[in-house]
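Structural overview for review
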Amino acid sequence: MLENKKGVFDYILMVLFIGMILITVYPFLNVLAISFNDPMDTMRNVNFIIPRKFTLANYIYIFTENNMVMPFMLSVLKTVVGTGVGVIFTSMLAYVLSRKDFYFNKSFTILFIITMYVSGGMIPEYLLIMRNLRMGNNFWVYIIPGMIWVYNVILMRSFIEGLPMALQEAAKIDGANDFVIWYKVILPLCTPVIATVSLFIAVGQWNSFMDTYLYAREIPTLQYVLYEIMESAQIKVDPHAAAQGVQNTVSPMSVRMAVTVVATLPILIVYPFLQKYFVGGMTLGAVKD
Amino acid sequence: MKGKRIGAMVLAASLTAGILSGCSAKEKSQIGEDGVLELEFYNADGEEDPWTNPVAQAITDATGVRLKIDYPVAAQDMKVALMIAEQNFPDLIYAKGDAASLIDAGALLDMTDLIEQYGPNIKKMYGDEFDKLKYSEEDPSIYQLSSYAMGGTVYKHSGTAQIQWAVLKENDYKVPRTLDELETMIKAYMKAHPTTESGLSTIGFTLSAADWHWMITLGNPAGYIADGQPDNGQWIIGEDFHAMYKFRSDAEREYFRWLNRMYNEGILDPEFATQTHEDYIAKIASGRVVALFDTDWDYQDAEKVLKADGKLDKTYAPLPVSISEDVKCPSLMSQGLVTGQGVGITTACKYPVEAIKFLDFLCSDEGQILTQWGIEGINYFVDENGKRYRTQEEIDYNNSDKDYQKKTGVGFYSYPFPTYGDGVTDTTGNTYTKASKDAVIAEYDAEQKAACEAWSVELLTDIFPQPSEFAIPEYPPVWAYIKPAELDDIGNKLDEVAWSGLITCVIGKPEQFDANFDSMIASLESIGMSRAEEILTELIMEKVALVEN
Amino acid sequence: MKKPRKQKNMKEPFSLALMWKQRYLLLMSVPFVIWLIIFKYVPLWGWTMAFQEVVPKSFAKPIWERKFVGFQNFVDAFSDRLFPQTMINTIGISILGITLGTAAAIIFALFLNEIRMEGFKKITQTVSYLPHFVSWVIIASIAKMLLNDGGALETMTGKSLHLMSTNSPLFWIVVCIINVWKEVGWDAIIYLSAMAGIDKGIYEAAKVDGANRFQQMWYLTLPGIKPTAIVLLIMSVGSALNVGMERQMLLSNGIVQDHAMVLSWFAYIRGIGSNNYGLGTAIGMFQSVVGIILLFIANKIAGMIGEDKLV
């Protein structure tokens, strides 16, 4: 299918992208290098990509004192459940909103879109969840309040709108109801956008710690634990508090970098499995307009 | 098929989640089966602490109270605001800068009667300055104790102007006392040593002014050096208690004029306003910065590197520099008790008597020695003369393990709870704190020892005007005040203008300096500087009246 | 290429029969609408604070007991010394950011899609989105190392560029370019997935017709991702006033401060920073309302020039 011979254009592209890789990968290599570098040495100059004085101290600092097993499991669970629930609901809603013949199509769409730009603020949300709904320290507080992002719904909706109508109509003639059409016809065709949306939700779920902080400190997630480690490594800028402190062998900067690596690693490991859905196109051979 | 798999996964996950989510509403502040009362304590500067270390245990044994400690995590934390919104308060609270909202919300308990009845040690500790704890003339309640030390003296200088030991040595330890003398010394050194041993060009001095650090390195030194004023935040308080936004003082204009000249002559690092704080630290750590205008806690990381690299002579000597000979360097001046920030009891506390007794114990001699020194026979010993001392082993443990305080509890609870200051002695003649003159001298490094010898003094701080030369102001330092919202608001705006205004003045052409400075003053005036000064003056008068009555 | 899909209005008037006919669609959406109302609309009562005096003193009181001040908070915000410049900065940075960001992401995705070596393509893509996970603290420190006075770029070019020390809109450009550097790979993911959704058959057909690669990119790929691009553009116009403050704070310094201040930062220092929640809420509300108005304008314009609309 693909042409095998490479033209000048391919080489130009390659050079371009190698240049691109070099400049975009720099920050990450920098983080990686600092995380493996002696914190004291790091203070000399923070910009380097190969550890000058190799050490595992920063990682040891993170892992020795804290029990990460439960928070890690909880983070995985939260990410898996949150993504699963999120993708299913997002695609369901996206499908409904793509149906121009649905009576409430426009009003619902507007209702949803507006919420992307308005927010009552942290305090009303906090009171709602903690006081009215009593969801504090309950696992579902991680899932339900943020289960749908309108942004993703719109993204998926515009993908669905780009699909050929023929299949839907064929299914309808076969007597399938709307639920079956969504499930049997739309979902399988949405693989690329499902991959994207899953990635967005999963990254969002994996990275969030404010939800734990506000609503569920008794069942902490990995990110929250990491965040706490980072904050406690921060030398207090208050002179009095600092005066009470003793020799700090870790520097907040180095700990921050190691935390970044630990927090990002799972995403980096999972991503290649998702990648096949982004790369290359697909053939909608069965569909003819 | 795929759908089924996802469905199964979600189901499995939600079952597990169901197990995890089993949570019951817990009654707070209750007496446990062991007869110990658990009080919830929110500490704005706290960290995780299960209350299991030996000192914590000893406190519980003595008081029958255990603390359940809560603390903020995010920097832009709104924990106190959320508490108020939810009307859900802990029993004890150290709100740091957020006390105003708690008091306004009626969440803090007036401790006056409780202290009268159950707090003899609290009264004893605060002595003459007890009245400073009162909130205001209108509402003379005591809502918080002080989180800062009561009484005492200063053995260590935290620094304003400083210069590398190497420079002092080349000048036979002559101490520069004015900016001019400092300038001459820096220039001479730069001329003699245009580069460091490793080939980096020498920098006269640098500042960290790209973010909030500007207040520490650009703002604060101006007050000390030019006005000879102690730390009252961004304010200068005159003899008649009249407050003035400090950057408009004529003396400071001259200080910034000097900075402007230094900038244009290339003595002040041209990157001072744009570099990040990390770059600032890295520069100092390389040993190329001759002089500093900073406070020790702000640049101590750099000194650690210098020491590790064996460049002890590139660490810094604090100097009693002021703008001219008639201005006395106020660094050692005592400002008296700091109030406005401290531990309080909330109205939600069901056991206020137990709570105040707990706080009173911490103020007692027994409590103070316990929190400061630890447990006798383990953390410290008493010699045949009745003198408290720590073994070298313990001191090394303290210095080498960053978690020493947390693990042993020694010194861990001295802040934000009330403490006596360094040098205050108990009935046995021992100091309450571990820091004593001898201990400080014992910790001096080679450069510091050599300097003491050259100056023939015991302490490095002896070259400064001594605390006894200054009268203690009748009002507590302004920076910790619970300020009215209007003052806070104008104050923030003034600082915004001053930050960019001062930088513009410093990096401008010398002939434009006055024009730049005048235009900054005009902007300050236009956003209510006089109004803010009025409010603060009134507030200070009130504080003075509180003590006088 | 013509669009295969017709936009005819198939909507029928309201009737119970129609509701019954669309019962599955209702079942698949009404629960989410209820969820939306509970979690997104109910908390909007918080907006009442914009019309009240909400300083710590009155914070603990219930809404109805706080003092109503009408539009005073809005007046205070709009007449603030910083407000005019803040608006200019926000809009300037937004326009620059949206155009630069979108263009860069599309070009990146387009070219990446043209790489023929699968391995190289995968590596490039994986690497490209890494900076997205690096916090602004770090990105800012690296950027400053490169761009500050006396930094790497000035050393290399031997010129005094004053990129980070000129108090002018130059700072906007610097900020936006740094943002592209950080986010281009991540932002391209959406376009890549849109490209993956284009029917491969049409490329085969085009090849048979003798279209070269540029023609394929121009006539097939670009139109294929256009609906996605338009929808994303409309949505980003709606958030034109929501320029994040963390990036601005970390990249700015005392000199460029005047051109770094944006609305969210302004709301933060005047609201939370000064304990004036009423004012903070008012600014937030202003951002929201303007955002929604802009959104509908953009949506209208898209409709008028015959593109896909958001609503």
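Look up: the structure comes first, before these words.
These remarks concern the structure in this document. Keep in mind that what you see is a predicted model, and the values were worked out from it rather than measured.

Once that is clear, we can look at the sheet that holds strand β6 (residues 203-206) of chain B. Pairing between sheet strands relies on hydrogen bonds along the backbone, with the strands arranged either parallel or antiparallel. All names here are of chain B. Spatial ordering of the open sheet is given by β6-β9-β5-β10, a layout of four strands whose pairing is mixed. Single-partner strands in this sheet number two, and they are β6 and β10 (316-319). Each strand of the sheet is rotated relative to its neighbour by a mean of 25 degrees, with strand direction disregarded. Helix α11 (residues 277-285) rests against β6, β9 (289-293) and β10 of the sheet, and its axis sits at about 130 degrees to β9.

Turning our eyes to something else, we now look at the interface of chain B and chain C. Opposite the 28 residues of chain B that make contact, chain C presents 29 residues. In this assembly, chain B packs against chain C so that about 2300 Å² is buried in total across both faces, 57% of it on carbon and sulfur atoms. Linking chain B to chain C there are three salt bridges. We note a salt bridge from K493 of chain B to D80 of chain C, for which the minimum N-O separation is 3.5 Å. The tally of links between chain B and chain C comes to four residue pairs in polar contact (both at pLDDT 80 or more). Sorting the residues of the side of chain B that touches chain C by element identifies α3 (79-86), α4 (99-104) and α19 (485-507) of chain B as the ones contributing at least two each. Ranked by the residues each element gives to the side of chain B that touches chain C, the list is headed by α19 of chain B, at ten residues.

Aromatic ring pairs are reported here in terms of the distance separating the ring centres and the angle at which the planes meet. According to the stated counting rule, one finds 63 aromatic pairs over all chains in the structure shown. Measuring from centroid to centroid gives 6.2 Å for F72 of chain A and W206 of chain A, while their planes differ by 85 degrees, and the two rings are edge-to-face. On the criterion of sequence distance, the pair formed by F72 of chain A in helix α4 (residues 69-98) and W206 of chain A in helix α10 (residues 191-207) is long-range, its members being 134 residues apart. The exposure class of W206 of chain A is buried, given its relative accessible area of 6%. On the basis of an interplanar angle of 45 degrees and a centroid distance of 6.2 Å, the ring pair of W165 of chain B and W455 of chain B is categorised as tilted. One end of the pair, W165 of chain B, is in helix α7 (residues 165-170); the other, W455 of chain B, is in helix α18 (residues 446-455), and 290 residues separate them in sequence. Of the two residues, W165 of chain B and W455 of chain B, both sit in the buried class. Connected via pairs of aromatic rings, a cluster forms that spans F205, W214, W235, Y245, F247, Y255, F256, W258, F293, W499, F513 and F517 of chain B. Above the ring of Y71 of chain B, the side-chain terminus of R217 of chain A is found at 5.3 Å from the ring centroid. Seen from the ring of F470 of chain B, K328 of chain B lies directly overhead, with NZ or CZ sitting 4.9 Å from the centre.

A few words now on helix α20 (residues 513-526) of chain B. Three- or four-residue spacings in an α-helix give side chains the same orientation, since the helix completes a turn every 3.6 residues. Residues and elements named next belong to chain B. The terminal C-alpha atoms of α20, which comprises 14 residues, lie 20 Å apart, in line with the 20 Å expected from a rise of 1.5 Å per residue. Those residues of α20 that fall on the buried side of the exposure criterion are F513, F517, M520, I521 and L524. Taken end-on, α20 shows its buried residues confined to a sector of 100 degrees, consistent with a single buried face. The outward face of α20, more than 90 degrees from its buried face, is lined by the exposed residues A515 and S526. Summarising the contacts, the buried residues of α20 are in contact with β8 (243-245), α10 (250-264), α19 and α21 (529-548). One or two steps after α20, the chain reaches G528, where phi turns positive at roughly 95 degrees.

Mapped onto the fold, N148 of chain C is located in the loop between α8 (136-147) and α9 (152-157). Accessibility expressed as a relative area gives 5% for N148 of chain C, which makes it buried. Each residue touching N148 of chain C, except ones within four places of it in the same chain, is listed here: T274 and Q275 of chain B together with A143, E154 and M164 of chain C.

What follows covers unusual backbone geometry. Note: most peptide bonds trans; most residues except glycine with negative phi. All names here are of chain B. Note that the residue after Y415, namely P416, is joined by a cis bond; omega there is 5 degrees. When you line up the elements, P416 lands in the loop between α16 (404-408) and β14 (419-420). With a phi angle near 60 degrees, W51 is a residue other than glycine that sits in the positive phi range. Within the secondary structure, W51 is located in the loop between β1 (37-43) and α2 (54-63). Taking relative accessible area as the criterion, W51 reaches 2% and is therefore assigned buried.

On to helix α15 (residues 263-272) of chain C. Here α15 of chain C lies mainly inside the structure; eight of its ten residues are buried. When α15 of chain C is considered as a whole, its buried residues turn out to be L263, S264, W265, F266, A267, I269, R270 and G271 of chain C. Check the buried side of α15 of chain C and you find it contacts α19 of chain B together with α5 (72-78), α6 (83-114), α13 (245-251), α14 (257-260) and α16 (277-304) of chain C.

Under the definition given, this model contains 42 salt bridges over all chains. Two residues, D211 of chain A and K78 of chain A, come together in a salt bridge whose shortest N-O distance is 3.4 Å. Of this pair, D211 of chain A sits in helix α11 (residues 210-215) while K78 of chain A sits in helix α4; the two residues are 133 residues apart in sequence, bridging distant segments of the chain. The pair formed by D211 of chain A and K78 of chain A is uniform in burial state, with each residue classed as buried. Its salt-bridge partner being R99 of chain A, residue D178 of chain A comes within 2.7 Å of it at the nearest N-O pair. Taken as a pair, D178 of chain A in helix α9 (residues 178-189) and R99 of chain A in the loop between α4 and α5 (105-114) lie far apart in primary sequence, 79 residues in all. For the pair formed by D178 of chain A and R99 of chain A, the shared burial category is buried. Residues joined in a network through salt bridges with shared partners are D489, K493 and E496 of chain B together with D80, R81 and R270 of chain C.

L226 of chain A together with I178, L251 and L310 of chain C are the most contacted members of the largest nonpolar core, which has 194 residues in total. Ranked by residue count, the leading element in this core is helix α10 (residues 170-196) of chain C, at 16 residues. Setting aside residues up to four positions removed in sequence, L226 of chain A forms contacts with I62, M68, V259, V262 and A263 of chain A.

Thresholds, definitions, all that
Residues numbered from 1 in each chain as written. Chains lettered and ligands numbered in written order. Predicted model: local features only at pLDDT ≥ 70, side-chain atom pairs only at ≥ 80, totals over all residues. Heavy atoms only, no water. Pairing = 2+ DSSP bridges. Helix = DSSP H or I, 4+ residues; strand = E, 2+ residues; numbered from the N terminus. Axes fitted to C-alpha atoms, helices over the stretch in contact; angles between N-to-C directions. Contact = heavy atoms within 4.5 Å. Buried area = accessible area lost by both parts, 1.4 Å probe. Salt bridge = Lys/Arg side-chain N within 4 Å of Asp/Glu carboxyl O. Polar contact = N/O pair within 3.5 Å; in protein donor to acceptor, adjacent residues only side chain to side chain. Phe/Tyr/Trp six-rings, centres within 6.5 Å; stacked < 30°, edge-to-face > 60°. Buried < 20%, exposed > 50% of the residue type's maximum accessible area, 1.4 Å probe, protein only. Lys NZ or Arg CZ within 6 Å of the ring centre and 35° of its normal. Expected span 1.5 Å × (residues − 1). Arc of directions from axis to C-beta. Core = buried A, V, L, I, M, F, W, Y, C linked by side-chain atoms within 4.5 Å.

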